[in-house]
Each structure stands twice: as C-alpha cells, then as structure tokens.
Amino acid sequence: MADDTKLTRSGPRESIVAELRELAEGWPHMGRPDLGEAAASGAEAVAEGAAYADVGHTRYSVTKASDEIPPQR
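So, here is what we can say about the structure in this document. This is a predicted model, so every value here is computed, not measured.

About the thresholds
Residues numbered from 1 in each chain as written. Predicted model: local features only at pLDDT ≥ 70, side-chain atom pairs only at ≥ 80, totals over all residues. Heavy atoms only, no water. Helix = DSSP H or I, 4+ residues; strand = E, 2+ residues; numbered from the N terminus. Buried < 20%, exposed > 50% of the residue type's maximum accessible area, 1.4 Å probe, protein only. Contact = heavy atoms within 4.5 Å. Areas by Shrake-Rupley, 256 points an atom, 1.4 Å probe, with all protein chains shown as cover. Core = buried A, V, L, I, M, F, W, Y, C linked by side-chain atoms within 4.5 Å. Expected span 1.5 Å × (residues − 1). Arc of directions from axis to C-beta. Phe/Tyr/Trp six-rings, centres within 6.5 Å; stacked < 30°, edge-to-face > 60°. Lys NZ or Arg CZ within 6 Å of the ring centre and 35° of its normal.

Moving on: the overall build of the protein. Along its length, the protein carries 3 helices and 3 strands. When burial is assessed residue by residue, the protein has 25% of its 73 residues classed as buried. Put simply, of all contacts in the protein between residues at least 6 apart along the chain, 55% involve residues at least 24 apart. Just so you have it, the protein exposes about 5,200 Å², and 51% of that area is on carbon and sulfur atoms.

As structure tokens, this is what we get:
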C-alpha cells in the first residue's frame, strides 16, 4: 500500500464517532497507544463537526447525506 493510499470507512456521524471511541479504547490494549490517541482525537473532531478523521491507514468519513436528514420526532 502506498503511503498516500488510505482505506476508507464511511457512515453517519454518530456511527463514525462510536467506532472511533471504541477504537480509542481498544488500540492501547493491542500495544498501539498512538492509534488510541489518534482515534480519541478523531472522535472528538468528528463529534464537533469535522467531515473526517484519519487514524493510521484509515480515513473515517462522515457521509454527507447523514448530516442532512432531519431528526425524527
């Protein structure tokens, strides 16, 4: 894999934030505290409105349509 090639995971903001928070807990247990910190920072950034977060070789991207769907009441 070339250095500029990233795997992409995408989905609704809530799902991306949840996945990144889960990774933030798991990576340190697998001996990668650096990736745990990157995932925690990414979760915070995406929760605050960022369109994506890069963690290791993966870009976690919010699908645009997921932010445009109004909440159901």
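Glancing now at the side chain of Thr 58. One can find Thr 58 in strand β3 (residues 58-62). Among all residues touching Thr 58, those that are not within four sequence positions of it are Lys 6, Leu 7, Arg 9 and Ala 53.

In this section: the nonpolar core. A general trend in soluble globular proteins is that nonpolar side chains are found buried together. If you look at the biggest cluster of nonpolar residues, it comprises 12 residues: Ile 16, Val 17, Leu 20, Ala 24, Leu 35, Ala 39, Ala 43, Val 46, Ala 53, Val 55, Tyr 60 and Val 62. Secondary structure elements with two or more residues in this core: α1 (13-29), α2 (33-47), β2 (52-55) and β3.

Moving on, we come to α2. Under the 1.5 Å per step criterion, the end-to-end length of α2 is 21 Å for 15 residues, consistent within 8% with the ideal 21 Å. By the burial criterion, the buried members of α2 are Leu 35, Gly 36, Ala 39, Gly 42, Ala 43 and Val 46. All buried residues of α2 project into a common sector of 125 degrees when viewed along the axis, lining one side. Looking at the buried residues of α2, the elements they touch are α1, β2 and β3. Immediately beyond the C-terminal end of α2, within one or two residues, lies Gly 49, with a positive phi of roughly 120 degrees.

To continue, consider the packing of aromatic side chains. Scanning the entire structure with this criterion turns up 0 aromatic pairs. Directly above the ring of Tyr 52 sits Arg 59, whose terminal nitrogen or CZ lies 3.8 Å from the centroid.

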